[in-house]
Amino acid sequence: MAIVLLLQPIVLLFKLLFGRRAQDAPQQLQAINHSAIVPATVVADSEDGIKNSNNISQQSDATGSASSPSAPPAGSNSGDDDSISLPLPFAEYEVFLSFRGPDTRHQFTDILYRFLVRLKIRTFRDDDELRTGEGIWPNLVKAIGQSKIHVPVMSETYAHSKWCLMELSEMAKRRKQEKGRAAMVGLHGLGGIGKTTIARAVYNKISARFDRRSFLENIRETQQQKDGGISLQKKLISNSMRIDYVAPINSVEEGRRIIQDRVSQFKVLIILDDVDESFKFEEILGNSGNFACGSRFIITSRNMKLLSTFNESRCKLYEVREMGPQLSLQLFCKYAFKTDSPPQDFTTLSEKIVTTAAGLPLTLKVVGSLLFREEKSIWEDKLSMLEKAPQKEVKERLKISYDALEYETKQIFLDVACFFIGMEMKIASYYWRDCKFHPVNSINILLQRSMLKIGDDNEFQMHDQMRDMGRAIVCEENIEEPWMRSRVWDDKEGTELLLNKKGSKQVKAVRADYHRSFLGGMKPGQFQNLPELRYFEAEFAEFSGDFNNLVPNLKWLRLHFHYNDGQEPTNFDMSNLVILDLKGSIFLTDDWGGWSQIKMAKKLKVLDLSHCTSLIKLPDFPKSGSLEMLNLSAEIRSFASFTSMELDIGNLWNLKVLNLKECALKRVTGGTIGMLKCLEELDLTNLQCNNWKQRVVDIGELPSLKVLKTIGVKHIPSYFESNTDDDEEEDDDDEVESEGEGIEKLPPSLKVLHTSFRVANLSELLELEELVVENCDFGLEIPPVGDDTNANSTAHMWWKVSKLKSLTLHKTKFIVVAGTAPSFDQLRLPSSLTTLNISNCPYLEWIPTLENLNNLTELTITKCSKVLEVRGIQGLTSLQSLVIDDRDDLIHLCGLADLMRLKTFEIKESAPLSREALLLNDDSDDVFTPKIILYHIDELQGN
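None of the values given here were measured: they were computed from a predicted structure.

## Regarding the overall build of the chain
Logical step 1: The helix and strand tally for the chain stands at 27 helices and 35 strands.
Logical step 2: Among the 943 residues that make up the chain, the fraction classed as buried is 56%.
Logical step 3: Taking all contacts inside the chain whose residues are at least 6 apart in sequence as the whole, residues at least 24 apart take part in 65%.
Logical step 4: For the chain, the accessible area works out to roughly 39,400 Å², and carbon and sulfur atoms hold 47% of it.

Written out as structure tokens, the structure reads:
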């Protein structure tokens, strides 16, 4: 059997790893997308380099071997300024080629070797036919161990050669050794060069192969904040343990101990983004050698010298350099013209502007976006401004885009740069609307000009260069006196401002930290010089005293980890308060005097009481009915809350978002969920409540509900119900939700549904785009295909008209609709699907045919031991990623040769997969030849 390795993906990978004519970061991304990794036969290098490579070459020649290493000088350069140099730290030879001479010497191997040499990649070409004597073997072992990449060229008689098999065995051994330890990779280069973009692309590509994963962004900025190291540790612990970790961490040492005890046991992928000298790896994370085998750390920094300090942990360093002129022009044109090249009459201007960008992708994007659809006179004006900016001052070039904004958009940009990175866009928009701004329009402008990004969770993201530029603009308002600036985002400066009772009318927003300070709590006198304050954020604050309406314009109050000192705040004007965020205030209790002030907040739109774990009773909400977002989620609550906490929804008729994730409630009162006609998002994940079924009985009547999550909802166990009132008829229901019946009818407006219950009216949910069914005993009913001419066959046409894009099944099986007996070909999933993930389904026996899923790009089927065949593979013409279990009993997986767009084929390790499982069709002897195979395709059994 032959496995053909296509040339282009291999070359792309070599470009990515070694930078020989690698062009630039965008092309690296293309390489990542098209060839993340060469087959399992590609093995990473060991830590030591070849001490005397000339000896190997001389010995080979002495024995008559035609092994011909290509070894240009270590410092050689391709002569192309466009290259990104990614230096090889240790290996003398970058590639070791192993092949069977009679099969491929003058064909594939020769072509591949010539390409590698042309790219200035040091390559050892080994020909098994021309070796003499056993003395060469130790040197070959050494060459294999000290090469960056191993490429065995599989061919018909490869396995007939003792030498080839010995080399292959040594490669597999090296691969297992490499997988058996934690490894570090460091990316260094200028700010705005694309380090984070590359790290993010790699993270997205490989994260599924790890037990736990975490992307720690903006470490440099976080470290500058008080207890920044602890904040990083909390995020890492939360991501790794898959919970929102809110328990106090009193010191970096305590956080490190938790990471070493609870996180390091997993095989983890951790990205440490934008690291500087203040970051000490072992202080924050502990010894990298204590992490589980196969763990990976990718570190980005502007400082190569800093990354070199990690060499004791075998950190391999790669430099990301500026883009070359040709690809710089191409990237610029994508944003300026939405094409790859400029119109003829703009060519000269475009080339001049690209030159001023100095090969920085961020600058090219921002300037290109700014000039989109502008007159030539505007282009000439901006070119003049760019040419006047200092060549190395990135901020000066970026500021040209800022200067072109209207006042309102500038304010929103500065707010995000100083305070709202990571903030959900919907929440911040309430604040801006009350400031008489128009956030939708301004945000669209910032997005169009590449000055802002929106993440997968609808949160604000901003490049650190853009963030720094925005903050520099605020600092320039008054260099010497922070209290005279519009925004004080540095918590040290904010704390000093309050401590010294400074301030001015210019101050609109302040961040402070009362933890371990001498402020003695949040007292009225600290705010006497802040009459225009609109946004205030503080941690560990005690809120008390007579404020005498000192902050009448306050619109957003964030008091995380709020302390209750037993004194009531009085005359604290909340008449203009729009957002109150008390998240994580674990010391906040029911008798806090601030609750009486909240009842007077007639404009309050957002109330966040998540993780306020000491609360037993919920406050009275404003009777104005203004509240639109309510977050009561918590993962830790006292047992008292099971019998005492109630949620009254009687005054929440304008509510749009209700989050009760992980919440424990005695009951919900004041009506049913169905009366909340404005509700758009409802999260009941792992809710524990004794009357939840009665309160959601009419949820199908909600006209605007878009997101519903009900995975793990539970009825409170009976031993917590002894004190319930007799007049609550729902208390007679001791039923636990595991029956699988759930909600009888779901609203047809749903776009996202996560559930553990039967989806009774699936064929009516035509707007649904994302469906996750987890631990559903009932199973997921698939409407059978019907006659197109039947006017009443809406259910039978579900697979054609549904908008479903993503379907995930976990510990759930497919079932047929009761009362029907369709044939296998009549069971189909929606043709609109792009992602299908079926995992850990031990009782699943069949999967609907996939032949109609021509839009599917990702398919995962793992740990489904009773599934013996997957039909319709040949119809997946758009499939790019395929992940399956490595099982001998998976006997039908036909049609793989038709997957022309397949980039990733991952076989989860268990036992070797037989060749029969990969036959193209039942009577074919052809062999599947994907562009990229991630795992041990070299272990496929031949006949």
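Now that the structure is up, let's keep going.
## Here we look at the side chain of Ser832
Logical step 1: Residue placement: Ser832 occurs in the loop between strand S31 (814–816) and strand S32 (835–839).
Logical step 2: A distance of 3.0 Å separates the side chain of Ser832 from the backbone oxygen of Ser802, its partner in a polar contact.
Logical step 3: When sequence neighbours within four positions are dropped, the list of residues in contact with Ser832 reads Ser802, Lys803, Leu804, Lys805 and Asn855.

## Focus: the nonpolar core
Logical step 1: By size, the foremost hydrophobic cluster in this structure holds 109 residues, and its most contacted members are Met522 and Phe536.
Logical step 2: Setting aside anything within four residues of it in sequence, one finds Met522 in contact with Tyr514, Phe527, Phe536, Ala541, Glu542, Phe543, Ser544, Phe547, Leu557, Leu559 and Phe572.
Logical step 3: Core analysis: the second largest hydrophobic core is formed by 47 residues, Leu360, Leu405, Ile427 and Ile579 among them.

## Some remarks on the confidence of the model for the chain
A low pLDDT score tells you not to read the predicted coordinates there in detail.
Logical step 1: When the pLDDT values of the chain are averaged, the result is 77; 76% of them are 70 or greater.
Logical step 2: A low-confidence stretch, residues 1–91 (pLDDT under 50), is modelled with 237 contacts involving residues beyond four sequence positions or located in other chains.

## Here's the deal with the packing of helix H16 (residues 361–371) against helix H18 (residues 394–403)
Logical step 1: Relative to each other, H16 and H18 sit at 20 degrees, their axes nearing to 9 Å. The orientation of H16 relative to H18 falls into the category roughly parallel. Here H16 runs over H18; the crossing is left-handed. The residues of H18 that touch H16, namely those facing Leu362, Thr363, Val366 and Leu370, are Val394, Arg397, Leu398, Ile400 and Ser401.

## Considering the environment of Ile649
Logical step 1: With respect to the helices and strands, Ile649 occurs in the loop between strand S20 (646–648) and strand S21 (657–659).
Logical step 2: Assessed through its relative accessible area of 0%, Ile649 is described here as buried.
Logical step 3: Beyond its immediate sequence surroundings of up to four residues, Ile649 is in contact with Val668, Thr669, Gly670, Gly671, Thr672, Ile673, Met675 and Leu676.

## Let's talk about helix H20 (residues 425–434)
Logical step 1: Taking burial as the measure, the ten residues of H20 include seven buried ones, the bulk of the element.
Logical step 2: Listing the buried residues of H20 in full gives Ile427, Ala428, Ser429, Tyr430, Tyr431, Trp432 and Asp434.
Logical step 3: Positive backbone phi, at 70 degrees, marks Lys436, one or two positions downstream of H20.

What counts and how
Residues numbered from 1 in each chain as written. Predicted model: local features only at pLDDT ≥ 70, side-chain atom pairs only at ≥ 80, totals over all residues. Heavy atoms only, no water. Helix = DSSP H or I, 4+ residues; strand = E, 2+ residues; numbered from the N terminus. Buried < 20%, exposed > 50% of the residue type's maximum accessible area, 1.4 Å probe, protein only. Contact = heavy atoms within 4.5 Å. Areas by Shrake-Rupley, 256 points an atom, 1.4 Å probe, with all protein chains shown as cover. Polar contact = N/O pair within 3.5 Å; in protein donor to acceptor, adjacent residues only side chain to side chain. Core = buried A, V, L, I, M, F, W, Y, C linked by side-chain atoms within 4.5 Å. pLDDT = per-residue confidence, 0-100. Axes fitted to C-alpha atoms, helices over the stretch in contact; angles between N-to-C directions. Parallel < 35°, antiparallel > 145°, perpendicular 65-115°, else oblique. Left-handed = near helix turned anticlockwise from the far one by under 90°.

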